[in-house]
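Below, each chain spelled out in residue letters.
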Amino acid sequence: MIVDCAVYQDGKRRPGEVPLDKAFEAGREPDTFVWIGLYEPSAEEFDAVAREFNLHELAVEDAIQAHQRPKLEVYDDTLFVVLKTARYLDDEEAVEFGEIMLFIGDGFVVTVRHKPASALGGVRQAIERRHDLLRYGPGAVLHAIVDRVVDDYFPVLSGLDDDIKDAEKEVFKEEAGNPAAVRRLRRHAANPADRIYKLKREVIELHQSTAPLVEPLDRLVRRRFPEIDPELTEYFRDVEDHLLRVVDEVGGFRDLLTSVLDANLAQIAVRQNEDMRKISAWVAIAAVPTAVAGIYGMNFDHMPELRWVVGYPLVLAAIAVACFFLWRAFRENGWL
């Protein structure tokens, strides 16, 4: 589905939209380029765009099928860029991922979005207010999109950081600092390991979405592409710095979650050991009356104290005293 098809000249958008069959010619005018935005197009829908701009069939296949790793490839005189987007869902306490594919050529930009996490409406509106940047052509659009994608990683990091802190408090039984955190702790109190594994899976997927993007951004900073104005180098370097911060934090999350999971497993082992000691202690205490009852339950004719009037209460008292001393000894040693 074509979301928008606009022509930009001298850093400003022309009124209205241009028909697809005239988009390529419109972008050939001096200081002009066309930006076409598509959302989850089918092969039939994208075929007309591919033919209009002579896009490479391998890049077209990747753009339609999605599920690609972040990368930058050059096909003839066209740059093909893949970005992984992410947004944090507060209600679900989960991360939603999406993809953006960009075709950057002489006089045109084609963006293909997959999943709601990759909305570009705000990016288009923001870049249309920056006439100074739009004058740099398609490269300015590439920078604006990459910058927004990287900036959107920071709210995700903040949400994951809160979830990881809650998981730590859950494992170490600390009190949360606010009512919302208390509710989250109660919600996930059944099995901390399940939540930790879920967080690790999200962090790993975020790492797979961010770390591979470092190399393409480094190429945009250090290498000259005909489609990218050299004046944009400093802008891409700023985005690269932000991305490196994100990658470092994601790596820290992975290490922290591994430590929390190890601590949780260690605590489970300790609790199991404590439970076994308690069971052993109570078994030892119960062995005293069991042994006495077993002896006096043999029903032999000649047994001591069988005819003694105080024999029965005396045996009960002896059992009680023995059990009490055993209970106190186990309690002093921390078994009960």
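Criteria and cut-off values
- Residues numbered from 1 in each chain as written.
- Predicted model: local features only at pLDDT ≥ 70, side-chain atom pairs only at ≥ 80, totals over all residues.
- Heavy atoms only, no water.
- Patch = residues over 30% accessible without salt bridge, like charges linked within 9 Å, V, L, I, M, F, W, Y side chains within 5 Å.
- Areas by Shrake-Rupley, 256 points an atom, 1.4 Å probe, with all protein chains shown as cover.
- Salt bridge = Lys/Arg side-chain N within 4 Å of Asp/Glu carboxyl O.
- Lys, Arg positive; Asp, Glu negative; His and termini not counted.
- Charge placed at Lys NZ, Arg CZ, Asp CG, Glu CD.
- Helix = DSSP H or I, 4+ residues; strand = E, 2+ residues; numbered from the N terminus.
- Phe/Tyr/Trp six-rings, centres within 6.5 Å; stacked < 30°, edge-to-face > 60°.
- Buried < 20%, exposed > 50% of the residue type's maximum accessible area, 1.4 Å probe, protein only.
- Lys NZ or Arg CZ within 6 Å of the ring centre and 35° of its normal.

1. Focus: a negative patch on the surface
A contiguous patch of negative charge on the surface is contributed by D90, D91, E92 and D162. Along the chain, the position of D91 falls in the loop between β5 (78-89) and β6 (94-105).

2. Things to note about the packing of aromatic side chains
What the rule picks out here adds up to nine aromatic pairs. Taking the centre distance of 6.3 Å and the plane angle of 40° together, the rings of Y8 and W35 count as tilted. Separated by 27 residues along the polypeptide, Y8 in strand β1 (residues 2-9) and W35 in strand β3 (residues 32-39) bring together distant segments of the chain. Given a relative accessible area of 0%, Y8 falls into the buried group. Looking at W35, the relative accessible area reads 1%, which means it is buried. An aromatic cluster is defined as three or more aromatic residues linked by ring pairs; in this entry it consists of F46, Y75, F80 and F103. Lying across the ring of W35, R124 places its NZ or CZ 3.9 Å from the centre.

3. Here we look at the pattern of salt bridges
All chains considered together, the criterion is met by 19 salt bridges. Of the charged contacts, one joins R130 and D132 as a salt bridge, the two residues approaching to 2.9 Å between their closest N and O atoms. Using a relative accessible area of 38% as the deciding quantity, one classes D132 as partly exposed. Ionic pairing is found between E215 and R219, a salt bridge with its closest N-O pair at 3.9 Å. Placement of both E215 and R219 in helix α10 (residues 214-222) is noted, with a separation of four residues, approximately one turn of the helix.

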